[in-house]
Structures are given as structure tokens and as C-alpha cells.
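One letter stands for each residue in the lines below.
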Amino acid sequence: MPSAYPLPLSAAARRAAKLGACALLAFAFDGAARAAGTPAGSVVRNTATATYDAPSGGETTITSNEVSLTVDEILGVTVASGDPGDVSVTPGATAQILRYTLTNIGNGSEKFSLLARSNAGGDDFDPGSAEIILDTNGNGAYDAGVDTLYVAGTNDPQLAPDASQTVFVRSVIPAGVTDGQRARVDLVATALTGSGAPGIVFTGQGQGGGNAIVGTTGGTAEDDGYYRVQQASIGFVKSAVVLDPFGHASAMPGAFITYTLAVTISGSGSIANLRIADTIPAGTTYRAGTLTLDGGALTDGVDGDAGTFTGSGIAVSLGNVPAGAQHNVTFQVKID
Amino acid sequence: MKFFLPFLALLSATAATAAPNGVTLNNAVFVEHVRVDAQGHRTVALDPPAVVTPGDHLVFVLTYRNGGAQPATGFGVTNPIPDAVTFESVEDPRAVVSVDHGATWGALATLTVAQPDGSRRPAVAADVTHVRWAFSQPIPAGAEGRLTFRGIVK
């Protein structure tokens, strides 16, 4: 311990002071900075020394009694949805995943029970199943067959102070839902040691032998995630314009018929691999080179462009078409 | 420092470290709780450390007593700050602090701390590693007094 002020400290005394300061908490506290603070169960010990002139000359050093106190455990947790927005689903889809992150904001290692609440209201439909899956391999992504099903009381996740765990809610989307409808699922995490009003003390139940105290979050937390149904629908209108050799619209042999196939995608999401096909009507003959898409000519052969004449009809592949898009395909036939 | 009064009785009930016919130094720690009643009145209570959590304010109280027959001269008290505690303040004109484990001492405003780039910044309370009280006057025989400092549980 340091010598009396204002005498300068010797190197040895300085070392001793440092050692003494470190030894005070070597028991449990390693000095690392933590958001959650000093770990529960750490013992804070304090001792002071006094020096004064000895009656016989020299110096007398006395040491105070040691006071020690055990840092108690704060019970605290946060839950945050891990999805950037609504998760798009389609009617009848299975194994649809919502993602949440729970974080132990207490200062003790704590187990948390989990609950997925899919009937909380504030939405349009309730998804089915709503199983909780633990991100067992810790990669933040749902891996079917790898990440394990959560069973309350059996594999409640245990988190060190400041540690986080990703959990998923896996749901089935009812078949009858329609475009734009939303479903809310709350994930609730609660400290197993206890929860309730902030400040409640669970005597002796803290990690490391101290007490456990409900923190400002009440020892429980929840956040909501949303599914949103994205269902695109196809509007398909076919129209025909006849032009006879005399400049009129009589459907006579030799007249041309221009067919227009108008496709409109409504709703939300997209239609995958949309392909438009039409057969050449009996009694007519396809006019080579008349196939167009949105005003641009398409060749009849099977080649790089989207359109082909198959011999009995035309086909145009549009690929993935998002909601809101409209496409027009035209071709001409001649009445035999 | 009006919050000293409530625990006078508590302190006298605590056995001081025995040092026959000499100076004794007794150490105690309290947790400060601020309570606000329905009228918005704040009450600061210093409670025995039954429940302590990170962020709590602690008050360390050192009571010295000269039990000898002669005045004690050259008296000084040194208290290293526990690692899990952030020093907050000491209100005593005799007190000096160190931010370098006792190598240098002074009022906090006069101390600096080296930064990674080699420059020095003014020291703040959280840098304090030790607090010390140096007495210029002898402690008369039979006299006693209290020294306090405040800290926060990290």
C-alpha cells in the first residue's frame, strides 16, 4: 500500500498498490467493459490504510477492516424483430419464417422462456402452427433440419450477459388469405428466475449467490413480426381487328385479323415464368413475321428473343413479371 | 453532506479495527437510494448494501479515531478504488486523488491522462485509481472523524 502523503511513492510501493488494487477483485471481476455492467456475483472489496508518525520515530501503518458487497443479478432482456420489414408469403405456404433476436441485457447468465403469440390482434389473419425454432448453429439464418424446435422447459436458451440468440417463428399461411393481408406474431421472452415490476427482488436467486432483481424491462420483452400476403393475379384480354382487302372490317377470305393479347399483372409480388400462348384459329393461316411484344417485332424462330411460331400457334415467354406490369402481344392471321 | 447524520448510530455500532492505544480506521459502505414520493419530494437514503446492482451509487465511509494518549501527527489515509467501482467524487479540501495508481497525486482538475497518440487529456472522475486524505494538523488524543468518497458500481 502507498506510503504517507506527501512522500513520493517508491517503485515497490507503487507495484504493491497496483497489485493490491488488482487483487481486490481478482475473485470474479476481470475488468472488461460491459454494457450490462459488473457480472452478477462479483464481490466488491474495499480496504483503506492509514499512516501516521510513530511515537518512537518512523511510521505506523494501520489497515481498516475490509468491506465487501456482492453485486446482484439484474434480470433484463430485449427482443427485436430481425426482419427488415414484412415477410412476403403466399396463401397456403408452409414453413414461413419470421426472425427475432433476443439479448440478455442483465449482468448474469440467465435462461429465458419463449412464447410465440400469433393471435395478438392488430392484423388480418392468424398464421397456423407458429413454432419457435432456435438458431442452433448460430448463423442467423433458418436451416431446416439443423436448427432445433424450441420446447419450453426443455431447451430454454441460456445467455451470458450481453449475449444474443436468434430465434425463428415458423408458421403455416392459411389457404384462404388474400393479397395485402397481414399477420402479426409476437415473440415474448421472459427471464426464468423471475419477472414482474422493476425492482422486485428474488432473494438469493441471483447468479453467483446474490439476489436477483427485476430490471427496468420487467424481466420480459417482446417484439412483433409480420407476414404479408403477396398474391399476384393475371388479367388476360384478347381482342381482334379485321381488315378486309377493300379497307373494311368484313371477315371474308383474304381478310387479315390482328389479334391483341393484353396481359396485366395486379396484386403484389410477381408471376414466375409467365408464358403466353395462343393457337392459330381453324380456317386461318398465321402471317409470318407479324408477332410483336409491346410494339417490338419478334422473330418466328426459336432463338434469342421471347417469341416463337410453333406451327400451330404462337408463344411468348415473359419470364418473371412483377405486379403492376402490362404487356401486349400481337400477331396477324389471314382468313383462308 | 447532510446525509451523514442518518448513519451515525450505525457507524458507532460497527466495531472498529482494534489497535490498542493507537489510531483505528473503520470502513463502511452504503448504497444511495433516491426515492421520490407522490408529491415529487426526493429523499436520499443511505442503506446498508443489501441489494447492489451495476449503476448503484456507493458511499464509502472511513472513520478514524485516535485512541492513544498522544496526538497523532503526519496522519494520512489512502484508499484504492475497487476495480468494479468507478470513482465519482470526494468532497474534502484535504483530499487528493491519483489517476496512475499512486505515482502522482493532486486535485482531479490538475491531473492528466496519456492518450494512445501520446497527447494528454484532462483526467475525469472515472480515471481515478486512488483517493488520499493528508492531514496537516495532528489528530488530538481521543478525537475522531469521518472521511467519505463516492463511487458507482460499474
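Preceding block: the structure.
Residues numbered from 1 in each chain as written. Chains lettered and ligands numbered in written order. Predicted model: local features only at pLDDT ≥ 70, side-chain atom pairs only at ≥ 80, totals over all residues. Heavy atoms only, no water.

Let us now look at the interface of chain A and chain B. Of the residues lining the interface, 42 residues belong to chain A; the matching set on chain B comes to 42 residues. Between the two partners, chain A and chain B, sit zero salt bridges. Along the contact surface separating chain A from chain B lie ten residue pairs in polar contact (both at pLDDT 80 or more). Going through the elements one at a time, α1 (11–23), β1 (43–46), β2 (49–53), β3 (59–63) and β4 (67–70) of chain A are the ones with two or more residues in the side of chain A that touches chain B. (Contact = heavy atoms within 4.5 Å. Salt bridge = Lys/Arg side-chain N within 4 Å of Asp/Glu carboxyl O. Polar contact = N/O pair within 3.5 Å; in protein donor to acceptor, adjacent residues only side chain to side chain. Helix = DSSP H or I, 4+ residues; strand = E, 2+ residues; numbered from the N terminus.)

A few words now on the nonpolar core. Among the nonpolar cores identified, the biggest contains 38 residues, and L25(B), L58(B), F75(B), V77(B) and W133(B) are the most heavily contacted of them. Counting residues per element, the ones that place at least two in this core are β2 and β4 of chain A together with β1 (23–36), β3 (57–66), β5 (85–89), β6 (95–98), β9 (130–134) and β10 (144–153) of chain B. Excluding residues that lie within four positions of it along the chain, F75(B) makes contacts with A50(A), T51(A), Y52(A), V23(B), Y64(B), W133(B), A134(B), F135(B) and I139(B). With 33 residues, the next largest nonpolar core counts V89(A), A93(A), L114(A) and A212(A) among its residues. (Core = buried A, V, L, I, M, F, W, Y, C linked by side-chain atoms within 4.5 Å. Buried < 20%, exposed > 50% of the residue type's maximum accessible area, 1.4 Å probe, protein only.)

On to a nonpolar patch on the surface. Taken together, the side chains of V34(B), V36(B) and V44(B) define a hydrophobic patch exposed on the protein surface, amounting to about 230 Å² of accessible area. Residue V44(B) is classed as partly exposed on the basis of its relative accessible area, which comes to 37%. (Patch = residues over 30% accessible without salt bridge, like charges linked within 9 Å, V, L, I, M, F, W, Y side chains within 5 Å. Areas by Shrake-Rupley, 256 points an atom, 1.4 Å probe, with all protein chains shown as cover.)

With that out of the way, let us pick up the pairing of strand β9 (residues 110–117) of chain A. Two faces, one strand: in a regular strand the side chains alternate between the faces of the sheet. Residue and element names in this part refer to chain A. Only one face of β9 is covered, namely the one carrying E110, F112, L114 and A116; the face carrying K111, S113, L115 and R117 has none of its residues buried. For β9 and strand β12 (residues 158–159), the ladder comprises two bridges, and the chain directions are antiparallel. Bridge pairing in β12 places K111 opposite Q158. Examined bridge by bridge, β9 and strand β14 (residues 182–191) share six bridges and lie antiparallel to one another. Bridge pairing links L115 to V188 in β14. (Pairing = 2+ DSSP bridges.)

With respect to the element layout, G74(B) can be found in the loop between β3 and β4 (76–80). Not counting the four nearest positions on each side in its chain, G74(B) is found in contact with T51(A), Y52(A) and D53(A).

Residue and element names in this part refer to chain A. Judged by pairing direction, the sheet is antiparallel, and its three strands sit side by side in the order β20-β25-β24 without closing on themselves. Pairing within the sheet leaves two strands with one partner each, and these edge strands are β20 (270–279) and β24 (307–309). Put simply, the sheet's adjacent strands are angled 15° from each other on average, direction ignored. Bridge count between β24 and strand β25 (residues 313–322): three bridges; the pairing is antiparallel. (Axes fitted to C-alpha atoms, helices over the stretch in contact; angles between N-to-C directions.)

Residues and elements named next belong to chain A. Pairing within the open sheet is antiparallel, and its five strands lie in the order β6-β8-β13-β10-β11. Lying at the two open borders of the sheet, with one neighbouring strand each, are β6 (77–81) and β11 (148–149). Examined bridge by bridge, strand β10 (residues 128–134) and strand β13 (residues 164–172) share five bridges and lie antiparallel to one another. Its bridge partner being in β13, E131 is matched across the sheet by R170.

All names here are of chain A. With respect to the secondary-structure elements, Q96 resides in strand β8 (residues 96–104). Looking at Q96, its side chain comes within polar contact range of the main-chain oxygen of T94, at 2.9 Å. What Q96 contacts, discounting residues up to four positions off in sequence, is S88, V89, V169, R170, S171, I173 and Y227.

With that settled, the discussion passes to the packing of aromatic side chains. One pass over the structure, following the stated rule, counts eleven aromatic pairs over all chains. Aromatic pair Y259(A) and F331(A): ring centres 5.4 Å apart, planes at 35°, arrangement tilted. Remark: F331(A) occurs in strand β26 (residues 326–335) and Y259(A) occurs in strand β19 (residues 256–267); sequence separation between them is 72 residues. Accessibility classification places Y259(A) together with F331(A) in one group, the buried group. Considering the side-chain rings of Y64(B) and F75(B), the 5.4 Å spacing of their centres and the 50° angle between planes classify their relative orientation as tilted. Linking Y64(B) in strand β3 with F75(B) in the loop between β3 and β4, this pair joins segments that are eleven residues apart in sequence. For the pair formed by Y64(B) and F75(B), the shared burial category is buried. A cation over a ring is seen here: R182(A) above Y226(A), with NZ or CZ 3.9 Å from the ring centre. The ring of W105(B) has R132(B) sitting right over it, with the charged end atom 4.1 Å from the ring centre. (Phe/Tyr/Trp six-rings, centres within 6.5 Å; stacked < 30°, edge-to-face > 60°. Lys NZ or Arg CZ within 6 Å of the ring centre and 35° of its normal.)

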